[in-house]
Amino acid sequence: MKKTLLLLCFFGSFFYARSQSYFGFRDDNYAGIQSALFNPSVIVDSKYRADITLFSASGTGQNDLYGVNFGSILDGGYDLDTEAKKNFKSNNRGNLNVDILGPSFMLNITPVHSVALFSRVRSVTNLVDVNGQLVDEVNKDTDFTNSFLIQGGNPNGVTNSWAEIGASYATVLLDRDDHFVKGGITVKYLMAGVNGYVHGNNISVAFNRNNVNPEFSEYYSTGTLSTAASYDYDNGEDPKFDAGSAGVGVDLGFTYEYRTNCHSCMGNRYKFKAAASITDIGSLNYKNVIENTYDLNGRVTQDDIKSADNIFEFFNSNYTKISSRKGVKANLPTALHTNFDWNINQRFYLNLSADLSLVDSKKVNGTSIANSVTFTPRYETRQFSFYLPVTYMEYSGTQIGAGFRAGPIFIGSGTLFTNLLSNTSKGCNIYAGLKLPLYQNYN
């Protein structure tokens, strides 16, 4: 065991460099299935007769503790402890999201009715209320660490992964003069993956340096800590998917279009569009999650940390277990999404979208997204689109990215320019996908 174990014990030891996906691309009228993940109403009266996605993936992460130089990281040999810019707070936060879309399709059955079916795997990790100074102190080599006393507070860390199969239906609700409204719903069958969490209460940590023999330097702690996992970690079992647990999720969405560009024609000929949706209503029932709560009042040495095989053995060997239970529910990252799209002319658009969490990030085992607002200028044609998303992310600040769609492929990053030009980037996003588009007969 390394020193990082102590960090994991009390707060989840590091922050990954958010929960939204496909920045810029998802607002494209040719985004198809990827846009439907945020609002199911988009599948009706779309630019496609059918959209078949073979594969797409998006990965996003951010934190407010470490600012890094991605160029130096790619070159290798980057030392996070000495080279990163650090922003110490008593409530540092981090988030990591991975979203993989498997074979999926959407189909216009009639001009006013459409359906979609998709397969998807997702993973969300959140860390909040983590004392950044304690993270930094514990990560230091013992030979360079001075004695300290730090209040760790009430750290909360959650990781949740699952697979889902979703079926969507959308229809036109109103088509009158300049006004056009459509609505949609997605129902998802959820297959549980791996769920785990760490939640602390009134934690404090003191370090007493042994100048003669640093290996016997001691950590004194107070407070309580609950740990849980969907596998039997007490018996040394490795993480695995919880095939016996499942759940149901629902997405609801509506879109309004002000159509001054074309009367009685199809294909999103709007001047202005406003849309809203709520996604991921529901939860997963993890039957095999085991939660243990420990009394942290006591002390451990640096040697105790190094000799432990894993975090759970460390707790069981050094602290008193005061309660235990089996079986918990894990909520989905329920969120409100809004979207405003202005068609300046036939090919140029300005878009403003927001993603707002409806789940308290401090909730025990509460999976949530980080709030964000994105402004995207976009050039869009049938075969090609280009976009420049500028996003304010709740944890990592303003990020500037770029992306494009060229026929069946799309590639982009919501943080591209920030990562290339900044020495203190706190977020990273990248996505790509391949689809087989079958266009409508109009442009």
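Structure: see above.
What comes next concerns the included structure. Just so we're clear, the structure is a prediction, and the values are computed from it rather than from any experiment.

The helix and strand tally for the protein chain stands at 8 helices and 23 strands. Within the protein chain, the proportion of its 443 residues that are buried is 55%. When the accessible surface of the protein chain is split by element, carbon and sulfur atoms take 59% of a total near 17,900 Å².

In this section: empty space enclosed by the protein. Considered as a void within the structure, the largest cavity measures approximately 320 Å³ in volume. For the largest cavity, the lining is made up of 27 residues, of which Arg 26, Ser 35, Val 42, Lys 273 and Asn 339 are closest to its centre. If you list the elements that add at least two residues to the lining of the largest cavity, you get strand S11 (246-258), strand S12 (272-295), strand S15 (335-343) and strand S16 (348-357). Here the element with the most residues in the lining of the largest cavity is S12; it accounts for 4 residues. Here the residues of the lining of the largest cavity are counted per class, giving 7 nonpolar, 13 polar and 7 charged.

With that settled, the discussion passes to the packing of aromatic side chains. The tally for this structure, following the rule as stated, stands at 17 aromatic pairs. Look at Phe 148 and Phe 207: their rings are 5.6 Å apart centre to centre, the planes differ by 25°, and that puts the pair in the stacked class. With Phe 148 in strand S7 (residues 148-153) and Phe 207 in strand S9 (residues 179-208), the pair connects residues that are 59 residues apart, well separated along the chain. On the basis of relative accessibility, which here comes to 12%, the residue Phe 148 falls in the buried class.

The backbone of Tyr 22 shows a phi angle near 55°, a positive value even though the residue is not glycine. Relative to the elements of secondary structure, Tyr 22 occurs in the loop between helix H1 (4-11) and helix H2 (33-36).

A word on the side chain of Ser 58. By the secondary structure assignment, Ser 58 is in strand S1 (residues 48-63). Looking at Ser 58, the relative accessible area reads 2%, which means it is buried. Beyond its immediate chain neighbours, meaning those up to four positions away, Ser 58 contacts Ser 21, Tyr 22, Asn 97, Val 98, Asp 99, Asn 429, Ile 430 and Tyr 431.

So, on to the pattern of salt bridges. Taken as a whole, this structure holds 22 salt bridges when the rule is applied. Asp 99 is the salt-bridge partner of Arg 120, the closest N and O atoms lying 2.6 Å from each other. Here Asp 99 lies in strand S4 (residues 92-101) and Arg 120 lies in strand S6 (residues 113-130), a separation of 21 residues in the sequence. Overall, Arg 120 belongs to the buried group, its relative accessible area being 7%. By relative accessible area, which is 2% here, Asp 99 ends up buried.

This next bit is on the pairing of strand S5 (residues 104-110). Remember that side chains alternate between the two faces of the sheet whenever the strand is regular. Two strands pair when backbone bridges link them, and S1 and S5 are joined in this way by 4 bridges, in the antiparallel orientation. Considered in S5, the bridge of Ile 52 is made with Phe 105. In the sheet, S5 pairs with S6 via 5 bridges, with the strands oriented antiparallel. The partner of Met 106 across the bridge, within S6, is Ala 116.

With that settled, the discussion passes to the nonpolar core. Core analysis: the biggest nonpolar cluster contains 23 residues, and Phe 148, Tyr 219, Leu 296, Phe 314, Phe 315 and Tyr 319 have the highest contact counts within it. Those elements that provide at least two residues to this core are helix H5 (132-139), S7, S9, strand S10 (218-229) and helix H7 (311-318). One finds Ala 36, Met 106, Ala 116 and Phe 118 within the second-largest nonpolar core, a separate group that totals 20 residues.

Parameters at a glance
- Residues numbered from 1 in each chain as written.
- Predicted model: local features only at pLDDT ≥ 70, side-chain atom pairs only at ≥ 80, totals over all residues.
- Heavy atoms only, no water.
- Helix = DSSP H or I, 4+ residues; strand = E, 2+ residues; numbered from the N terminus.
- Buried < 20%, exposed > 50% of the residue type's maximum accessible area, 1.4 Å probe, protein only.
- Areas by Shrake-Rupley, 256 points an atom, 1.4 Å probe, with all protein chains shown as cover.
- 1 Å grid on protein atoms, 1.4 Å probe; cavity = no way out; pocket = protein on both sides within 12 Å on 5 of 7 lines; lining within 4 Å.
- Points joined across faces, edges and corners; volume = space filled by probe spheres on them.
- Nonpolar A, V, L, I, M, F, W, Y, C, P; charged D, E, K, R; others polar.
- Phe/Tyr/Trp six-rings, centres within 6.5 Å; stacked < 30°, edge-to-face > 60°.
- Contact = heavy atoms within 4.5 Å.
- Salt bridge = Lys/Arg side-chain N within 4 Å of Asp/Glu carboxyl O.
- Pairing = 2+ DSSP bridges.
- Core = buried A, V, L, I, M, F, W, Y, C linked by side-chain atoms within 4.5 Å.

That's the geometry; what it means functionally is another story.
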